[in-house]
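# Fold and geometry: a report
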Amino acid sequence: MKIYDCVIIGAGVAGMTAAIYLKRAGLDFVLLEKGVPGGQINKSSNIENYPGFKKVDGPTLAFNIYEQIENLGVVYKYGDVKEIKDSDNHKVVCTEQEEYITKTIIIATGRKPRELGLDNEKKLLGSGISYCAYCDGMLYKNKDVIIIGGGNSALEEALYIADIANKVYIVHRSSEYRADEVLIDKVNKKENIIKYFNKEVIEILENNDKFSGVKLNDESIINADGLFIYIGQIPETNFINTIDKTKDGYIVTNEHLKTTDDKIYASGDVLKKDLYQIATSIGEGALAASNVIKILK
Ligand code: NAP
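In this text the structure is predicted, and so the values were computed from the model without any measurement.

### Observations regarding the state of the cysteines
If you walk through the whole model with that rule in mind, you get 1 disulfide. Between the sulfur of Cys132 and that of Cys135 lies a disulfide, 2.0 Å long from S to S. A torsion of 75° about the S-S bond marks the disulfide between Cys132 and Cys135 as right-handed. A residue is classified by how much of its surface remains accessible, and Cys132, at 4% relative accessible area, is buried. No disulfide involves Cys6; its nearest neighbouring cysteine sulfur is the one of Cys94, lying 16 Å away. A relative accessible area of 0% places Cys6 in the buried class.

Here it is in structure tokens:
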């Protein structure tokens, strides 16, 4: 059976950057992705802090990077990785469809949205509840929506949807936002954004199997047509339990982005880090790949 030099798991910005570096070094590898190339950045309506682009939307940036790896001839395959096993001196990356034997692995699976964990949340997904304002915002033209959260994502997407919807309620559990000043300023200036601080959603309300509003911890109710949940993200690392992880699931590495297994590297948002940005993930993708190239050569 074929033995790859490397398998990159995840084609977000970190994984695709690693692919550019491995390809240019002439390595034989495959890039696996279970969703769409670009990962989480596809949910960003407006990126203004990535150098070289004064303003770009996430899907456009994702497509540009994808086009670059396609032009280089990177082998890109669908694959939802379930397990990583050892076999002789190699690793075996197992998806439901296939197994890939490889000398090294770069994990770049990123993060997924954190759920509120309330009744109805899963049931009403697609019936008024969403984790992506940029994907579903147009459904709420001239309607009222609620955004839960107080980070950069919540505020960026509140601003995006405020230009489409009638009213946008931001419900935040703390007394101040955890976001860039520039975004807070913009939110404060938007007349159709109504801000709630120190409030938690305790119940999701529905009417005829559609989302209809939320009940807050002071028992007040906000009626709305849509609910967008932006309460942070959790790392997608459940498929691997043989390397060290933090208690919240982030992968532990050394400064070379090597995990506690010599053959496995990690990059991007699966790492516990100070700054979750496209710029940092791209740097980590490049670093993990260049260290894999070093050990293989
Ligand atoms: P985040 O920064 O972790 O913020 C999550 C927000 O959700 C916090 O305000 C938090 O409240 C709230 N929250 C957490 N759990 C909650 C719960 N159970 N119920 C209600 N509220 C809850 O997440 P993010 O906005 O998704 O951003 C993720 C990372 O990407 C951040 O590092 C962010 O800076 C970065 N990012 C950057 C940009 C940019 O640079 N333009 C854009 C998007 C994201 P508390 O504050 O009370 O904890």
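After presenting the structure, the write-up continues.
### Concerning the domain arrangement of the chain
For the chain, the domain assignment lists domain 1 (3-113 + 233-296) and domain 2 (129-229). The straight-line distance from the C-alpha centre of domain 1 to that of domain 2 is 31 Å. Contact residues are listed per partner, giving 10 residues for domain 1 and 9 residues for domain 2. Contact with domain 2 buries surface across domain 1, with Lys43, Ser45 and Pro113 losing the most and accounting together for 57% of the total.

### Describing the sheet that holds strand β12 (residues 201-207)
An order of β12-β13-β14 is seen for the 3 strands of this open sheet, with the pairing classed as antiparallel. Since the sheet does not close on itself, it has two edges, and those belong to β12 and β14 (221-223), each with one partner. Averaged over all adjacent pairs, the angle separating strand axes in this sheet is 25°, with direction ignored. Of the strand pairs in this sheet, β12 and strand β13 (residues 210-216) are connected by 6 bridges, and their pairing is antiparallel. Within the sheet, the bridge partner assigned to Glu206 lies in β13 and is Phe211.

### Here we look at the site of the ligand
Close contacts around the ligand come from 19 residues, with Asn49, Glu156, Ser174, Arg178 and Gln277 the closest. In this structure, an oxygen atom belonging to the ligand sits 2.8 Å away from a side-chain N or O atom of Asn49. When the ligand is considered free in solution it has 910 Å² of accessible area, and contact with the protein chains removes 80% of it. In terms of residue count, helix α4 (residues 152-162) provides more of the shell around the ligand than any other element does, 3 residues in total. Broken down by class, the residue content of the shell around the ligand amounts to 4 nonpolar, 10 polar and 5 charged. When we break the shell around the ligand down by domain, the ones giving at least three residues each are domain 1 (3-113 + 233-296) and domain 2 (129-229).

### What about the sheet that holds strand β10 (residues 167-171)?
The 5 strands are arranged β8-β15-β9-β10-β11 in an open sheet whose pairing can be described as parallel. Where the open sheet ends on each side, the last strands, each with one partner, are β8 (129-130) and β11 (193-196). With 4 bridges joining them, strand β9 (residues 144-148) and strand β15 (residues 226-229) adopt parallel strand pairing. Counted as the bridge partner of Ile147 is Phe228 from β15. In the packing of α4 onto the sheet, the strands contacted are β9, β10, β11 and β15, and the crossing angle to β9 comes to about 170°.

### Section: the nonpolar core
Judged by nonpolar contacts, the single largest core of 50 residues is most densely connected at Ile8, Ile9, Leu22, Ile106 and Ile107. Listed in part, the 21 residues of the second largest apolar core include Ala133, Leu155, Ala162 and Ile193.

### Remarks on the side chain of Glu157
Considering the arrangement of structural elements, one finds Glu157 in helix α4. The buried charged residue Glu157 lacks any salt bridge partner; its closest oppositely charged side chain belongs to Lys43, at an N-O distance of 11 Å. In this structure, Glu157 is in contact with Lys43, Ser44, Ser45, Ala133, Tyr134, Ile147 and Tyr230, ignoring residues within four places of it in sequence.

Parameters at a glance
- Residues numbered from 1 in each chain as written.
- Predicted model: local features only at pLDDT ≥ 70, side-chain atom pairs only at ≥ 80, totals over all residues.
- Heavy atoms only, no water.
- Disulfide = S-S within 2.5 Å.
- Buried < 20%, exposed > 50% of the residue type's maximum accessible area, 1.4 Å probe, protein only.
- Domains from an automatic or database assignment.
- Contact = heavy atoms within 4.5 Å.
- Buried area = accessible area lost by both parts, 1.4 Å probe.
- Pairing = 2+ DSSP bridges.
- Helix = DSSP H or I, 4+ residues; strand = E, 2+ residues; numbered from the N terminus.
- Axes fitted to C-alpha atoms, helices over the stretch in contact; angles between N-to-C directions.
- Near = heavy atom within 4 Å.
- Polar contact = N/O pair within 3.5 Å; in protein donor to acceptor, adjacent residues only side chain to side chain.
- Areas by Shrake-Rupley, 256 points an atom, 1.4 Å probe, with all protein chains shown as cover.
- Nonpolar A, V, L, I, M, F, W, Y, C, P; charged D, E, K, R; others polar.
- Core = buried A, V, L, I, M, F, W, Y, C linked by side-chain atoms within 4.5 Å.
- Lys, Arg positive; Asp, Glu negative; His and termini not counted.
- Salt bridge = Lys/Arg side-chain N within 4 Å of Asp/Glu carboxyl O.

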